[in-house]
Each structure stands twice: as structure tokens, then as C-alpha cells.
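Below are the chains, spelled out letter by letter.
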Amino acid sequence: MRYPIDAVIAVTYRCQAKCRMCSIWKIEEYEEIPPDIYKKLPRTLRDVNISGGEPFLRTDLEEIVKTVHERLPGSRIIVSSNGLIGERIVPTALKLKEIFPRIGFAFSIDGVGEMQDYIRGVEGAYERVITAVKGVRDGGVSNIRIAYTLTSENPDHMIKVYRLAEELGVQFTMQVSHESDFFFGKNESAVIKSNTGNFSNEQLKRDFETIINGELSSYNLKRWGKAFIHYGSYLLASEGKQLFSSCPGEDFFYLDPRGDIYPSVLHDYIMGNLAEDSFDTIWKSGKSDTVRGKCLNDKTPYWMGCLLRKALLKHKFQIGFWALKNKFLKIKL
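How each quantity is defined
Counting from 1, residues in each chain are numbered in the order their sequence is written. Only residues with pLDDT of at least 70 get local features here, since the model is predicted, and only at 80 or more are side-chain atom pairs given and counted; chain-wide, interface and lining totals rely on the full set of residues. Side-chain numbers come from the whole structure's heavy atoms, not from hydrogens or water. Secondary structure elements follow DSSP: runs of H or I of four or more residues count as helices, runs of E of two or more count as strands, with numbering from the N terminus. Our radius of gyration looks at C-alpha atoms and nothing else; its globule reference is 2.2 Å times the residue count to the power 0.38. Per-residue accessibility, obtained with a 1.4 Å probe over protein chains only, is compared with the maximum for each type, and a residue is labelled buried under 20%, exposed over 50%, and partly exposed between these values. Residue contacts follow a heavy-atom distance rule, with two residues in contact if any of their heavy atoms lie within 4.5 Å. Areas reported here follow the Shrake-Rupley algorithm with a probe of radius 1.4 Å; residue values treat only the protein chains shown as occluding. As used throughout, the charge tally considers Lys and Arg to be positive and Asp and Glu to be negative, leaving His and the chain termini uncounted. The atom standing in for a charge is NZ when the residue is Lys, CZ when it is Arg, CG when it is Asp and CD when it is Glu. Any Lys or Arg side-chain nitrogen found within 4 Å of a carboxyl oxygen on Asp or Glu counts as a salt bridge. Definition used in this section: a nonpolar core is a set of buried Ala, Val, Leu, Ile, Met, Phe, Trp, Tyr and Cys residues joined via side-chain atoms within 4.5 Å. As defined here, a cavity is a set of points on a 1 Å grid over the protein atoms alone where a 1.4 Å probe fits but cannot get out. A pocket is an open set with protein on both sides within 12 Å along at least five of seven lines, and residues line them when an atom is within 4 Å of a point. Grid points are joined across faces, edges and corners, and a volume is the space filled by probe spheres set on the points. Following the grouping adopted for this structure description, the nonpolar residues are Ala, Val, Leu, Ile, Met, Phe, Trp, Tyr, Cys and Pro, the charged ones are Asp, Glu, Lys and Arg, and the polar ones are all others, Gly among them. Cysteine sulfur atoms are paired as a disulfide whenever they come within 2.5 Å of each other. DSSP-based pairing: two strands are paired if at least 2 bridges between them are found. A fitted line through C-alpha atoms serves as each axis, taken over the contacting stretch for helices, and the angle formed by two N-to-C directions is quoted from 0 to 180°.

Q: Outline the overall build of the protein chain, supporting the account with residue identities and numerical values.
A: Along the backbone of the protein chain there are 11 helices and nine strands. Scaling as 2.2 N^0.38, a compact globule of 333 residues should have a C-alpha radius of gyration of about 20 Å, and the protein chain matches this with 19 Å. Projected onto its principal axes, the C-alpha coordinates of the protein chain cover approximately 50 × 45 × 40 Å. Within the span of the protein chain, comprising 333 residues, buried residues form 58% of the whole. Intrachain contacts of the protein chain at a sequence separation of at least 6 include 75% that bridge at least 24 residues. Here the protein chain displays about 14,600 Å² of accessible surface, and carbon together with sulfur accounts for 49% of that area. Taken as two groups, the 46 positive and 42 negative side-chain charges of the protein chain have centres that lie 7 Å from each other.

See the structure below:
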């Protein structure tokens with residue numbers, strides 16, 4: 001029995017944004033498990049993304065992070081935010097840093113200026129998130145990233161957001177927008193809707209090349225890994241090609257605010273509820289085995305960092321060879 005190393009934990013579905021590529025904000029009824037339930041997380045986890053909704057809307061977020069960190073002292077923890085409530089985010093983030101000095105924060109930025117406001121459905125969203133990023137950065141937090149989502153409406157802003165991250169002195173991450181029945185929902189701006197990828201143009205190709213070659217110009221192995229992830233994102237968007245398969249419900253899982261465990265944010269099958277059973281009971285159940293089989297038969301491609309870590313580790317030598325070759329030859333898509 002394989003146990004997971006990665007988890008996305010949504011601590012709330014409450015959200016002030018009305019994002020065009022996400023339907024979470026449309027959820028009206030929800031429960032939120034108390035912090036002590038997170039004591040039941042498996043100790044095998046090495047990466048935890050505390051997400052939502054907007055996690056900073058939880059008034060007990062400090063207690064949640066403290067509980068997760070005490071349960072998983074060797075794990076990396078990232079808190080993902082839309083950055084809309086900087087007056088709460090900045091002081092809370094600095095308190096979270098006291099609990100766990102290496103904690104990271106990911107702020108969603110999908111465009112510069114009015115494009116961010118449009119994608120997020122909130123006037124002034126861009127100025128608010130920039131204020132939050134700067135406030136957390138200036139407060140002494142070094143593990144900060146901008147998380148960009150490529151949709152059918154903002155491809156010309158990918159390179160702009162990449163340059164913005166450089167200007168702010170923070171990391172850049174990106175993913176391609178996906179559809180899912182229960183998490184992202186069905187939406188017109190999603191790039192991945194079926195087994196066929198056809199979202200590409202010459203400018204987007206050149207922008208991907210610039211970003212990938214920019215990451216490979218470093219001698220930082222982590223940035224080489226990010227370059228490969230960007231390469232996989234390009235292939236997914238342009239060709240519908242998933243470079244590596246992974247194992248939903250084995251290597252990773254998604255925990256929703258109610259305590260329901262799903263194999264991922266893309267696979268709408270409940271394996272069990274953490275508030276009702278131990279993780280071990282859920283993970284070893286016949287129901288979970290059935291869910292894993294359903295995931296195996298689902299051929300819709302995906303490529304998201306939180307779903308790939310185990311697969312990337314498995315192929316680390318192949319990725320290293322790819323990075324060395326393209327570092328000196330410069331990648332051409």
C-alpha cells in the first residue's frame with residue numbers, strides 16, 4: 001500500500017473573488033472541519049498546500065497551520081491566497097512565519113492591471129494583491145511565489161506576470177486551467193476540457209520559450225525542475241499531451257473543508273471523510289480501491305504541480321538530462 005506525499009487542503013470554500021476559471025465561489029452551503037481534525041493527516045506527507053476558497057477568511061488559520069506543522073514537522077507548507085484582504089493577510093502571514101519560519105505563500109496573479117481585475121471578477125484586485133505580496137515580502141518572508149493560471153482569455157499576460165515576479169523578487173509558478181465537476185467547475189475559459197489540446201499560438205510559444213530558457217539559465221536545480229514543469233504545461237495546452245502519468249488517490253489527495261477526501265482536485269470521487277474515520281481506515285478501504293480504479297480509467301490529461309511531485313521524482317534523471325541538454329542548446333518549441 002502506497003501512502004501519499006502530497007496534499008491540497010481546502011480549509012474553506014468561502015471566497016471574495018468571482019474567478020472566471022473557477023466555480024468555488026458559487027458554493028453556498030459548506031461545513032468547515034475544526035483544526036484538530038488535521039491531526040489525523042498521514043505522516044508521510046512532504047508537501048501541503050493550504051488552499052480554499054480563501055484560507056485567510058478562516059479566523060483560526062493560525063491554529064490550523066500550527067496543527068499541521070506539529071503533525072508534519074518535516075513537511076513543506078504553502079498557503080495559497082487571492083490577496084484581496086491584505087489588511088488581514090499581512091499580519092496573519094507574519095504570525096504564521098513565527099509558527100513555521102519556512103512557510104511559503106502563493107498569491108494568484110493572472111494578469112497585470114485590469115486583466116487581473118477581469119479574471120478575478122473584483123475591481124481593484126490587482127492593486128490589492130500587489131500590496132499583499134509586498135507587505136508579506138517586506139515583513140521578512142522569503143518563500144513567496146506568484147501563481148499564474150493560463151486561460152483562454154489571458155495568454156498574452158503570462159510573460160507579463162513572469163516579468164512582474166522578477167521585478168518583485170519572488171518565484172513564478174504557472175498552471176493551465178482545467179475543468180472538474182466539483183472543484184473548478186465547467187467554464188468557457190478553461191484550456192483543458194477534453195483529450196485534445198489545441199490552445200497555442202506563435203506568441204505564446206515564444207513566451208514559453210523565454211520562460212523555460214530563463215529558468216534553465218540558472219544553476220539552481222529547483223529552477224530546472226520548474227522549467228520542465230513549464231515545458232509540460234506547454235505540451236498540455238498545445239497538444240493535450242501529458243508527459244508523465246501519476247497516481248491520484250495514491251501519491252496525493254485533496255481534502256475539502258467538510259473533511260471529504262478525494263483523489264485530487266480533478267477527480268470527483270469521495271474516498272471517505274476524515275472527520276468520521278482515521279486516514280488509515282479510509283486509505284485502505286475497498287471504496288478507495290474502487291476510486292483508484294476509476295481514476296486509472298479516466299484518460300483526461302492533466303499537468304499540475306501538486307499532482308506531479310512523485311512522478312517527477314521518479315523521472316528525475318530523465319528530467320536532469322533534458323535540463324542539461326536544453327540549458328546549452330536553448331529550447332525551441
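Structure's up, so let's keep going.
Q: Account for the pattern of salt bridges, with residues named and values stated.
A: Opposite charge on two side chains makes pairing possible when the charged atoms of those side chains draw close. Evaluation of the coordinates by the stated rule reveals 18 salt bridges. Taking the shortest distance from any N to any O, the salt bridge between R76 and D47 comes out at 2.7 Å. In this pair, R76 is assigned in strand β3 (residues 76-81) and D47 in strand β2 (residues 47-51), connecting sequence segments 29 residues apart. R76 sits in the partly exposed class, given a relative accessible area of 47%. The partner of E215 in a salt bridge is R223, with the nearest N and O atoms 3.3 Å apart. Exposure remark for E215: the relative accessible area of 7% places this residue in the buried category. Accessibility expressed as a relative area gives 30% for R223, which makes it partly exposed. The network of salt bridges with shared partners includes R2, E250, D251 and K310.

Q: Hey, could you go over the nonpolar core for me, with residue numbers and the actual values?
A: Ranked by size, the top nonpolar core spans 85 residues in total, and within it L41 and F105 carry the most contacts. Of all the elements, helix α7 (residues 221-239) adds the most residues to this core, at nine residues. In this view, F105 contacts F56, I78, V79, A93, L96, V136, V141, N143, I144 and R145; residues no more than four positions away in its chain are not counted. Ranked by size, the runner-up nonpolar core spans 23 residues in total, among them C22, Y254, Y262 and M304.

Q: Help me get a handle on the layout of surface pockets, residues and values and all.
A: The volume enclosed by the second largest pocket comes to roughly 320 Å³. As for the second largest pocket, its lining consists of 16 residues, of which S246, C295, L296, D298 and Y302 are closest to the centre. In terms of residue class, the lining of the second largest pocket is built from six nonpolar, six polar and four charged.

Q: I'd love a proper account of the state of the cysteines, names of residues and values included.
A: Applying the stated criterion across every chain yields a total of zero disulfides. In this model C15 remains outside any disulfide bridge; the closest cysteine sulfur is found in C19, 5.8 Å from its own. A relative accessible area of 28% places C15 in the partly exposed class.

Q: Go over the sheet that holds strand β1 (residues 6-10), please, and point to the residues and values.
A: Judged by pairing direction, the sheet is mixed, and its nine strands sit side by side in the order β6-β5-β4-β3-β2-β1-β7-β8-β9 without closing on themselves. Looking at the sheet topology across the chains shown, the edges are occupied by β6 (171-176) and β9 (272-273). Where strand β5 (residues 144-150) lies against β6, six bridges are found, and the strand directions are parallel. By the bridge assignment, Y148 is partnered in β6 with M174. Where α7 meets the sheet, its contacts fall on β5 and β6, and the angle it forms with β6 comes to roughly 25°.

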